[in-house]
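Here's the letter readout for the chains.
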Amino acid sequence: MSPKIPNESYVLSCSWFSSFFLGEGKRILVQHHNYGLIVKTVALVDHHGFIWVKGENSQSMPVEQLGPISANQVIGRVLSVFSHT
């Protein structure tokens, strides 16, 4: 998610907070079945309860390539980012 989250940064997330206020524009920590542990922004929560995520970098994968995320793949909601530098 560079430049919003620079390389080698620390991300503080909270798992109990992730099920509340999970809506468009919120950053979440996701265990993706193809891409591992990633931080993405919620683009949409559809009427089936699936979460569609996007990156904030022009070189990020498109929403359609990442596919829908189920609620059990959400590790937590990102609360803060601490830069290494």
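As a reminder, the structure under discussion sits directly above these lines.
A brief report on the enclosed structure follows. (Residues numbered from 1 in each chain as written. Predicted model: local features only at pLDDT ≥ 70, side-chain atom pairs only at ≥ 80, totals over all residues. Heavy atoms only, no water.)

### As for unusual backbone geometry
Basically, it comes down to this: For helices the rule is a DSSP run of H or I covering at least 4 residues; for strands it is a run of E covering at least 2, with both sets numbered from the N terminus onward. Residue burial is assigned from relative accessible area. The probe radius is 1.4 Å, only protein chains are included, and a residue is buried under 20% of its type maximum, exposed over 50%, and partly exposed in between.
One non-glycine residue, glutamate 8, adopts positive backbone phi at about 65°. Looking at where glutamate 8 falls in the secondary structure, it is placed in the segment before strand S1 (10-14). In this structure glutamate 8 comes out as exposed when scored by relative accessible area, which is 60%.

### Comments concerning the environment of valine 39
Within the secondary structure, valine 39 sits in strand S3 (residues 36-45). Overall, the relative accessible area of 14% leaves valine 39 in the buried class.

### Topic: the nonpolar core
If you look at soluble globular proteins, the nonpolar side chains tend to sit buried side by side. Here is the rule we go by: Working definition of a nonpolar core: buried Ala, Val, Leu, Ile, Met, Phe, Trp, Tyr and Cys residues. They are joined through side-chain atoms within 4.5 Å. Between two residues, a contact is recorded if the distance between any of their heavy atoms is within 4.5 Å.
Formed by Ile28, Val30, Ile38, Val42, Ile51, Val53, Leu66, Ile69 and Val74, the largest nonpolar core amounts to nine residues. Of all the elements in the fold, those that place two or more residues in this core are strand S2 (27-32), S3 and strand S4 (51-54). With near-sequence residues (within four places) excluded, valine 53 lies in contact with Ile28, Lys40, Thr41, Val42, Ala43, Val63, Leu66 and Ile69.

### Describing the pairing of S4
The line we're drawing: The pairing criterion is simple: DSSP has to find at least two bridges between the two strands.
Alternating residues of S4 divide into Ile51 and Val53, all buried, and Trp52 and Lys54, none buried. For S3 and S4, the ladder comprises four bridges, and the chain directions are antiparallel. Within the sheet, the bridge partner assigned to leucine 44 lies in S4 and is tryptophan 52. Turn length for the S3-S4 hairpin, with the two strands adjacent in sequence and antiparallel, is five residues, and the turn residue glycine 49 shows positive phi of about 90°. As defined by bridge partners, S4 adjoins strand S5 (residues 68-69) across two bridges and the pair is classed as antiparallel.

### Concerning the environment of asparagine 7
Its place among the elements puts asparagine 7 in the segment before S1. Along the backbone, asparagine 7 and proline 62 are 55 residues apart, and their C-alpha atoms lie at a distance of 21 Å.

### Comments concerning the sheet that holds S4
Pairing in this open sheet of six strands is antiparallel, and the strands run S1-S6-S2-S3-S4-S5 from one edge to the other. Across the chains shown, the open sheet's two edge strands, defined by having one partner strand only, are S1 and S5.

### Remarks on a nonpolar patch on the surface
Inclusion rule: In this scheme, patches are assembled from residues that exceed 30% relative accessible area and form no salt bridge. Like charges are connected within 9 Å, while nonpolar side chains (Val, Leu, Ile, Met, Phe, Trp, Tyr) are connected within 5 Å. Per-residue accessibility takes into account occlusion by the displayed protein chains alone, with areas from the Shrake-Rupley method and a 1.4 Å probe. Any carboxyl oxygen of Asp or Glu within 4 Å of a side-chain nitrogen of Lys or Arg constitutes a salt bridge here.
A cluster of nonpolar side chains, contributed by Tyr10, Leu12, Leu79 and Phe82, occupies part of the molecular surface with about 430 Å² of accessible area. Those elements giving two or more residues to the nonpolar patch turn out to be S1 and strand S6 (74-82). Relative to the elements of secondary structure, leucine 79 occurs in strand S6.

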